[in-house]
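# Chain and residue survey
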Amino acid sequence: QTCALPISDTKGLETRRVIFDGATEVDMVINVGALKSGNLRLVERDIEAVTMPCREAGVVSKVIIEAALLTDDEKVSASTLAKAAGADFVKTSTGFAAGGATVADVALMRRVVGDEMGVKAAGGVRDLEGLKAMVAAGATRIGASAGVRIVQESRGQQPTVAAKGY
């Protein structure tokens, strides 16, 4: 006889474990399949399984919606559910799907969550101009592997070969 926990329970247990181990921020990915099939209650339960222990422990929670895989209506639903569950941030992507943050996605997410939540643009931010565009669209955090290049550009320096991503 096997005993498998529902995914939401597993996410909750994993969240409590990483908090116990010292995490100060927790990222979680929504259940994209459940969202696409219209099972919003399951998506909501999954998000709450992570955000509730985070709130209890004073840990920042970020809900990754994987925007590149979603329609605009699904992005609105995912962002609305993250806000309702008390997440601190809604985040564009993990970086594993084809495509990362877009200015349009960040602006849409900002309109949905308002000023009460953070919006993190992750993936596809490769230079200072891209960073500025994301911030102008409403991003309060940026996830970028080109951080060195962006800082060099902000200082008026020529990006080094390593910072160009070669």
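Quick notes on the rules
- Residues numbered from 1 in each chain as written.
- Predicted model: local features only at pLDDT ≥ 70, side-chain atom pairs only at ≥ 80, totals over all residues.
- Heavy atoms only, no water.
- Axes fitted to C-alpha atoms, helices over the stretch in contact; angles between N-to-C directions.
- Helix = DSSP H or I, 4+ residues; strand = E, 2+ residues; numbered from the N terminus.
- Parallel < 35°, antiparallel > 145°, perpendicular 65-115°, else oblique.
- Left-handed = near helix turned anticlockwise from the far one by under 90°.
- Contact = heavy atoms within 4.5 Å.
- Pairing = 2+ DSSP bridges.
- Buried < 20%, exposed > 50% of the residue type's maximum accessible area, 1.4 Å probe, protein only.
- Right-handed = clockwise from strand over helix to strand, strands pointing away.
- Expected span 1.5 Å × (residues − 1).
- Bend = angle between axes of the 7 residues up to and from the residue.
- Salt bridge = Lys/Arg side-chain N within 4 Å of Asp/Glu carboxyl O.

## Details of the packing of helix α5 (residues 103-113) against helix α6 (residues 128-137)
Two elements in contact, α5 and α6, have axes whose closest approach is 8 Å; the angle formed by their N-to-C orientations is 25°. On the basis of their axis angle, the class for α5 and α6 is roughly parallel. Where α5 crosses over α6, the handedness of that crossing is right-handed. When α5 is examined against α6, the residues V103, V106, A107 and R110 are found in contact with a partner set consisting of A133, M134 and A137.

## Side note on the sheet that holds strand β2 (residues 60-64)
Read across the sheet, 5 strands follow the order β1-β2-β3-β4-β5 without closing on themselves; strand pairing throughout is parallel. Every interior strand has two partners, whereas the edge strands, β1 (25-29) and β5 (141-143), have only one. Across the sheet, the axes of successive neighbouring strands diverge by a mean angle of 25°, strand direction being ignored. Where strand β3 (residues 89-91) lies against strand β4 (residues 118-122), 3 bridges are found, and the strand directions are parallel. For V90, the partnering residue across the bridge sits in β4 and is V119. Sitting on the sheet, α5 touches β3 and β4, and the angle it makes with β4 is about 165°.

## A few points about the pairing of β4
Of all the 5 residues making up β4, 5 are buried; the element is thus mostly covered by neighbouring parts of the structure. Because side chains alternate across β4, one face comprises the buried residues G118, K120 and A122, and the other comprises V119 and A121, equally buried. Regarding the hand of the β-α-β motif, the stretch spanning β3, α5 and β4 is right-handed. Where β4 and β5 come together, 3 bridges link them in parallel fashion.

## Quick word on the environment of Q152
The residue Q152 is located in helix α7 (residues 147-154) in this model. Judged by relative accessible area, which is 11%, Q152 ranks as buried. Put simply, Q152 and D127 are 25 residues apart on the chain and 9.6 Å apart in space, counted from C-alpha to C-alpha.

## Digging into helix α3 (residues 40-57)
Spanning 18 residues, α3 covers 26 Å between terminal C-alpha atoms, matching the ideal 26 Å at 1.5 Å per step. At E48, α3 shows its largest kink, close to 25°. Along its buried surface, α3 packs onto α1 (7-20), β1, α2 (32-36), β2 and α4 (72-84).

## What to know about the packing of α3 against α4
Orientation of α3 relative to α4, taken along the N-to-C sense of each, is 45°, at an axis distance of 9 Å. With respect to each other, α3 and α4 are oriented oblique. Of the two elements, α3 crosses α4, and the hand of that crossing is right-handed. Residues L40, V43, E44 and I47 of α3 touch α4, and the partners they reach there are S77, L81 and A82.

## Regarding the pattern of salt bridges
Tallied over the entire structure, the rule returns 14 salt bridges. The closest approach of N and O atoms between R141 and E25, which form a salt bridge, is 2.7 Å. Highlighted residues: R141 in strand β5 and E25 in strand β1, separated in sequence by 116 residues. Overall, the relative accessible area of 30% leaves E25 in the partly exposed class. Sharing partners across several salt bridges, the network here consists of E25, D27, K62, K91 and R141.

## Regarding unusual backbone geometry
Positive phi, normally seen in glycine, also occurs at E66, with a value near 55°. Here E66 is to be found in the loop between β2 and α4.

Honestly, that's just the spatial picture; any functional story needs more than this.
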